[in-house]
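Overview (structure and organization)
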Amino acid sequence: KQEVTQIPAALSVPEGENLVLNCSFTDSAIYNLQWFRQDPGKGLTSLLLIQSSQREQTSGRLNASLDKSSGRSTLYIAASQPGDSATYLCAVTLDSNYQLIWGAGTKLIIKP
Amino acid sequence: SAVISQKPSRDICQRGTSLTIQCQVDSQVTMMFWYRQQPGQSLTLIATANQGSEATYESGFVIDKFPISRPNLTFSTLTVSNMSPEDSSIYLCSAFYEKLFFGSGTQLSVL
């Protein structure tokens, strides 16, 4: 059974720092992996999607990597800003039916 | 990309009543999903709603409690029936359009 774990559960860093959020999964047979951002009272925003054949994806200050063999993905945020404060969720898709297995999220606080 | 409009954004309901949540997508999508997010927890899939077929429910969720409609490729509703305080949660709809997009969520409180 696929399980997704995110560590740490919460993280607080000063503005301007580079940081890494971690996501691990138990079964390497994934279809893709997606990182989301959730703001209080709002829905989820898709940040990056990495197909199983890819190693990384970049969007602006965000870079997500995928290592299927070790069952890990990282989300790198460069030059963090207070607006980056949110809960970050990773989810793996097992097949093309697009049912996701979710991690519990990392709550990120960027202090001005 | 796709934009999903979900309403209501929040509601406070009495025990025993029902609430219908609506999601409108600005693009035609085959797969839509309904999730529940209880306080402090991650998302739990309630059901998958594909147009033209009955919704597929996950373990622990039944059609009598969470009836779903999917009348066309841009719209879906989820009804939370005979509500109890345990149903207090955030309900989210999502749609697959090249990747997953989410509505803004419905914060439901049951008294």
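Preceding this section is the structure that the text describes.
Residues numbered from 1 in each chain as written. Chains lettered and ligands numbered in written order. Predicted model: local features only at pLDDT ≥ 70, side-chain atom pairs only at ≥ 80, totals over all residues. Heavy atoms only, no water.

1. Regarding the layout of surface pockets
Put simply, the rule reads: Points on a 1 Å grid over protein atoms alone make up a cavity when a 1.4 Å probe fits among them but cannot get out, and a pocket when they form an open set with protein on both sides within 12 Å along at least five of seven lines; lining residues each have an atom within 4 Å of a point. Grid points are joined across faces, edges and corners, and a volume is the space filled by probe spheres set on the points. Numbering of helices and strands runs from the N terminus, with a helix taken as a DSSP run of H or I at least four residues long and a strand as a DSSP run of E at least two residues long.
Approximately 540 Å³ is the volume attributed to the largest pocket. Around the largest pocket, the lining is made up of 29 residues, and of these Gln38(A), Pro40(A), Thr87(A), Gln37(B) and Gly40(B) lie nearest the centre. Of all the secondary structure elements, the ones that give two or more residues to the lining of the largest pocket are strand E9 (86-93) and strand E11 (106-111) of chain A together with strand E11 (106-110) of chain B. Top contributing element to the lining of the largest pocket by residue count: E11(A), with four residues.

2. Concerning the packing of aromatic side chains
The condition is simple: Stacked, edge-to-face and tilted are the three classes for Phe, Tyr and Trp ring pairs, Trp counted by its six-membered ring, which pair at centre distances within 6.5 Å; planes under 30 degrees apart are stacked, over 60 edge-to-face, the rest tilted. Burial classes: relative accessible area under 20% of the type maximum marks a residue as buried, over 50% as exposed, and values in between as partly exposed (1.4 Å probe, protein chains only).
Scanning the model with the defined rule gives seven aromatic pairs over all chains in all. For the pair Trp102(A) and Phe102(B), a centre-to-centre distance of 5.8 Å together with 70° between the ring planes defines the contact as edge-to-face. Placement of Trp102(A) in strand E10 (residues 100-102) and of Phe102(B) in strand E10 (residues 99-102) is noted, with the two residues assigned to different chains. We classify Trp102(A) as buried; its relative accessible area is 9%. Looking at Phe102(B), the relative accessible area reads 9%, which means it is buried. Taken together, a centroid distance of 6.5 Å and an interplanar angle of 40° make the contact between Phe66(B) and Tyr91(B) tilted. Of this pair, Phe66(B) sits in the loop between strand E6 (56-57) and strand E7 (68-72) while Tyr91(B) sits in strand E9 (residues 89-97), and the two are 25 residues apart along the sequence. Classification of Phe66(B) by relative accessible area gives buried; the value is 4%.

3. Quick look at the interface of chain A and chain B
How big an interface is tends to be reported as the loss of accessible area on association of its parts. Counted only if it meets this: Working rule for contacts: check all heavy atoms of both residues, and any pair within 4.5 Å makes them a contact. Here's the idea: put two parts together, see how much 1.4 Å probe accessible area each one loses, and the total over both is what we call buried area. What counts as a salt bridge is simple: a side-chain nitrogen of Lys or Arg found within 4 Å of a carboxyl oxygen of Asp or Glu. Between N or O atoms, a polar contact is any pair within 3.5 Å; within protein, one atom must be a potential hydrogen donor and the other a potential acceptor, and residues adjacent in sequence are included only when both atoms are from side chains.
Each side of the interface is counted separately: chain A has 18 residues, and chain B has 17 residues. Of all residues in chain A, Tyr98(A), Gln99(A) and Trp102(A) give up the largest surface area on contact with chain B, accounting jointly for 37% of the area buried on that side. Across the chain A-chain B interface, the total number found is zero salt bridges. For the pair chain A and chain B, the number of links is three residue pairs in polar contact (both at pLDDT 80 or more).

4. Section: the sheet that holds E7(B)
Residues and elements named next belong to chain B. What counts is decided by this rule: Pairs of strands are assigned from DSSP output, requiring at least two bridges between the strands. Interaxial angles span 0 to 180 degrees and are taken between N-to-C directions of axes, which are lines fitted to C-alpha atoms, for helices over the stretch in contact.
Pairing is antiparallel in the open sheet, where four strands are placed in the order E1-E3-E8-E7. Every interior strand has two partners, whereas the edge strands, strand E1 (4-7) and E7, have only one. The average angle at which neighbouring strand axes cross in this sheet is 15°, direction not considered. The sheet contact formed by E1 and strand E3 (residues 19-25) spans four bridges and is antiparallel. Across the sheet, isoleucine 4 pairs through a bridge with valine 25, a residue of E3.

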